[in-house]
Amino acid sequence: MYTCQTTGNAKAAIVIVPGAGEHSGRYEWLIRQWNKHGVHVVGGDLPGQGRTAGRRGHIRSFQAYIDTVEHWFKEAMTFRLPVFLLGHSMGGLIVIRMLMEKRLPTKGVILSSPCLGLVKYPPKPLEGLSKILNVLLPIARFQSNVEPGAGTRNQAMIEKDLLDPLYVRKVSVRWYRVLRKAMAATHEQAARFPDIPLLVLQAGDDRIVDRKQVESWFNRIKTTDKTYKKWTGLYHEVFNEPERDDVFDDAWAFARRQLQSP
């Protein structure tokens, strides 16, 4: 499923891809900012998340995410305007994998704390067990173990998330194994990332994604126009942090620069 928030006198469109466990409703503020600057927004809920059908927190293959976002991108193209991609966390990983597989005519890519490695992995015994269960019982679900407040210092958002019935807090064994495989492939195939203008907005105090892994991937891609911005002191969800206005200003400056280029 996808949603579209249009605005008058639009000069571009952007596809917003949420992170793991999220839903499109968590991006209301960010959507308003893009709309205020004359940008249509297309997005939605990923399979197994938000209001989509199927098992919550479960995915059969990473390709299902890629296919979903490609559909959103094609919907954005119907506006016949330049189209940007913005992926947060796992959404960033999806965007990267999609562009490694498909040559889509995007004007530029913005990644917010992309999930290219985790700060915390399960203990080795559980890691081994997950490989066995991935074969025997892939739909078995476990707590994601992301503590409240690990994503943002925004207290209003923390309190809202605690009461949010759409927020996915359990993930399946298959989901975890699929995520691990996608992250590994992204590092191994870094050279396949296309030469598309790229802005990475990375939380400096990220307690979910390993920013060193993000930096490593960024340094190995061969993109000509690429910018890495570390936001010192900010938690994982840079677009929800108290400094989010400044973060958005950077994102908009990047998009505006691309729109002004030939």
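Residues numbered from 1 in each chain as written. Predicted model: local features only at pLDDT ≥ 70, side-chain atom pairs only at ≥ 80, totals over all residues. Heavy atoms only, no water.

A. Fine view of helix 5 (residues 155-162). For helix 5, the set of buried residues is Met157, Ile158 and Asp161. Across the axial projection of helix 5, the buried residues extend over an arc of 105 degrees, all falling on one side. Every exposed residue of helix 5 that faces more than 90 degrees away from the buried side is listed here: Ala156 and Leu162. (Buried < 20%, exposed > 50% of the residue type's maximum accessible area, 1.4 Å probe, protein only. Helix = DSSP H or I, 4+ residues; strand = E, 2+ residues; numbered from the N terminus. Arc of directions from axis to C-beta.)

B. Focus on a nonpolar patch on the surface. Taken together, the side chains of Leu126, Leu129, Ile132, Val135, Leu136, Leu137 and Ile139 define a hydrophobic patch exposed on the protein surface, amounting to about 660 Å² of accessible area. Structurally, valine 135 is set in helix 4 (residues 124-136). Valine 135 sits in the exposed class, given a relative accessible area of 65%. (Patch = residues over 30% accessible without salt bridge, like charges linked within 9 Å, V, L, I, M, F, W, Y side chains within 5 Å. Areas by Shrake-Rupley, 256 points an atom, 1.4 Å probe, with all protein chains shown as cover. Salt bridge = Lys/Arg side-chain N within 4 Å of Asp/Glu carboxyl O.)

C. Geometry of the pattern of salt bridges. Per the counting criterion, the structure on display carries 13 salt bridges. A salt bridge links glutamate 243 to arginine 153; the shortest N-O distance between them is 3.0 Å. With glutamate 243 in the loop between strand 9 (226-231) and helix 8 (244-260) and arginine 153 in the loop between strand 6 (141-143) and helix 5, this residue pair connects regions lying 90 residues apart in the sequence. Among the residues examined, glutamate 243 registers a relative accessible area of 24% and is labelled partly exposed. Under the relative-accessibility criterion, arginine 153 is labelled partly exposed at 33%. Each of the salt bridges in this network shares a partner with another, and the network as a whole consists of Glu22, Arg26, Asp161 and Glu237.

The values reported here are purely geometric and, on their own, carry no functional implication.
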